[in-house]
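Observations on chain architecture
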Amino acid sequence: MILQDRFRSLVKEYQGLVYSIAFGILLDAQDALDATQETFTKAFEEPRFLDDGFNRKAWLVRVARNQAFNARRSLVRRLRSLMRYAGLSWAAETTSVEEEIIRAETRQELTAVLESLDDDEREIIGLRFAAELSYEEIAAELGIKIGTVMSRLSRAKRKIGMALEEVEPS
Amino acid sequence: MNEQNLQDLFRSARQDASASKTLTDAVMHCVDPAPETTPAAVLRAVARNFVWAFAVLLVCAAIGSLLTQAAGEMSAAMHPDFPPAGLLSQRSGIGDVSLEPDVVAVFDMKPSFSFLEILARAVLPLSFHLLAAWFLLATVGISVSANDRLEQRSAV
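We now turn to the structure provided with this report.

Reading the values: the criteria
- Residues numbered from 1 in each chain as written.
- Chains lettered and ligands numbered in written order.
- Predicted model: local features only at pLDDT ≥ 70, side-chain atom pairs only at ≥ 80, totals over all residues.
- Heavy atoms only, no water.
- Helix = DSSP H or I, 4+ residues; strand = E, 2+ residues; numbered from the N terminus.
- Buried < 20%, exposed > 50% of the residue type's maximum accessible area, 1.4 Å probe, protein only.
- Contact = heavy atoms within 4.5 Å.
- Phe/Tyr/Trp six-rings, centres within 6.5 Å; stacked < 30°, edge-to-face > 60°.
- Axes fitted to C-alpha atoms, helices over the stretch in contact; angles between N-to-C directions.
- Parallel < 35°, antiparallel > 145°, perpendicular 65-115°, else oblique.
- Left-handed = near helix turned anticlockwise from the far one by under 90°.
- Nonpolar A, V, L, I, M, F, W, Y, C, P; charged D, E, K, R; others polar.
- Buried area = accessible area lost by both parts, 1.4 Å probe.
- Salt bridge = Lys/Arg side-chain N within 4 Å of Asp/Glu carboxyl O.
- Polar contact = N/O pair within 3.5 Å; in protein donor to acceptor, adjacent residues only side chain to side chain.

Considerations on the overall build of chain A
Secondary structure summary: chain A contains nine helices and zero strands in total. N-terminal to C-terminal, the α/β element order of chain A is α-α-α-α-α-α-α-α-α. The 170 residues of chain A split such that 48% are buried. Considering only contacts within chain A whose residues lie at least 6 apart along the sequence, 63% involve residues at least 24 apart.

Now the structure itself:
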């Protein structure tokens, strides 16, 4: 049970990071919750996760990104989106979760800002602002050059700015 | 919106998610062990699974039997004279192996079975029986709890 308690304390420490990265990519509270659960299930099965010298943040960021992109591709998610689009609710969907994990206004603002971006741009914005990684860390994480990181970030920021300018008059 | 606003938005989202007990509980629910792992609890769970599986087995088997019976009746209605009565009477004689030409002609007229008939006569009843057997095998089982895995890992 000591290990269980230790794992719980690590979940509490990193759940915000993992959830915000997943939400930044998926823009859906329920999907982000699923991805967070999957990420920590993998962490639970990772033998090094409880080791003191293990770089948990880097590992969790990578797994959270992978889980979020897997979720984007999943058939269940597409079916859920289709049903939502058709005005039907998903049986396993818990609306209270959406209300409780992130405050509604924060969620709506983030969604409004990020929905105009494509996957790559959302990912890099998430790494920069949700995970608060440096340019070097992002470059290492994505396996690209720092210059590419900067240009992608700049393009994403420009896009966000443009999107907001279009919305503001109304 | 500037960079600071976006930073604040994500920080706010992170803080909300970090403080969410719902999220912690949802995550821990995926990795928590079963609440009871004593032998008696395991036996109770197996017995409960068995009762459930057996009930489904009975229902599936009953549906399969009904379908088999219906298929037999349907077959009799569609092919009332198969095998031909003439052939049966000819073959009833002891040691009588030679058939008259008209009887051979009747014997050669094999009844044709439509796809739907094959489905109704064989595939559906059989699939229900197979479903029943699969359900029985699949439902009665015990999985190793997450706690056991964690304990094993800590022992290593």
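Re the overall build of chain B
The secondary structure content of chain B amounts to seven helices and zero strands. When the helices and strands of chain B are listed from N to C terminus, the series reads α-α-α-α-α-α-α. Within chain B, the proportion of its 156 residues that are buried is 24%. Restricting the contact set of chain B to residue pairs at least 6 apart, pairs at least 24 apart contribute 79%.

Things to note about unusual backbone geometry
Residues and elements named next belong to chain A. Positive phi values are uncommon outside glycine, yet L27 reaches one of about 55 degrees. For E132, which is not glycine, the phi torsion reads 55 degrees and is therefore positive. Relative to the elements of secondary structure, E132 occurs in the loop between helix 7 (119-130) and helix 8 (135-142). In this structure E132 comes out as partly exposed when scored by relative accessible area, which is 32%.

Re the packing of aromatic side chains
Residue and element names in this part refer to chain A. This structure, assessed with the given rule, holds six aromatic pairs over all chains. Each ring, one from F49 and one from F54, has its centre 6.4 Å from the other, and the planes form 65 degrees; the classification is edge-to-face. Through a chain of ring-to-ring contacts, the aromatic side chains of F7, F44, F49, F54 and W59 assemble into a single cluster.

Observations concerning the packing of helix 2 (residues 29-45) of chain A against helix 2 (residues 21-31) of chain B
Running from N to C, helix 2 of chain A and helix 2 of chain B cross one another at 50 degrees; their axes reach a closest spacing of 9 Å. Considering the angle they form, helix 2 of chain A stands oblique to helix 2 of chain B. The element helix 2 of chain A and its partner helix 2 of chain B pack so that their crossing is right-handed. Residues A:L33, A:T36, A:Q37, A:F40, A:T41 and A:F44 of helix 2 of chain A form the contact with helix 2 of chain B, whose participating residues are B:L23, B:A26, B:V27, B:C30 and B:V31. Partitioned by chemical class, the residues of the contact of helix 2 of chain A with helix 2 of chain B number eight nonpolar, three polar and no charged.

Considering the interface of chain B and chain A
Tallying the contact residues gives 33 residues for chain B and 42 residues for chain A. The contact between chain B and chain A buries some 3,500 Å² in all, and 63% of this surface belongs to carbon and sulfur atoms. As a salt-bridge pair, B:E3 and A:K157 come within 3.0 Å of each other at their nearest N and O atoms. Here chain B and chain A share twelve residue pairs in polar contact (both at pLDDT 80 or more) between them. When residues of the side of chain B that touches chain A are traced back to their parent elements, those giving at least two are helix 1 (3-19), helix 2 and helix 7 (146-155) of chain B. By residue number, the principal contributor to the side of chain B that touches chain A is helix 1 of chain B, which donates 13 residues. Classifying every residue of the side of chain B that touches chain A by side-chain character gives 16 nonpolar, eight polar and nine charged.

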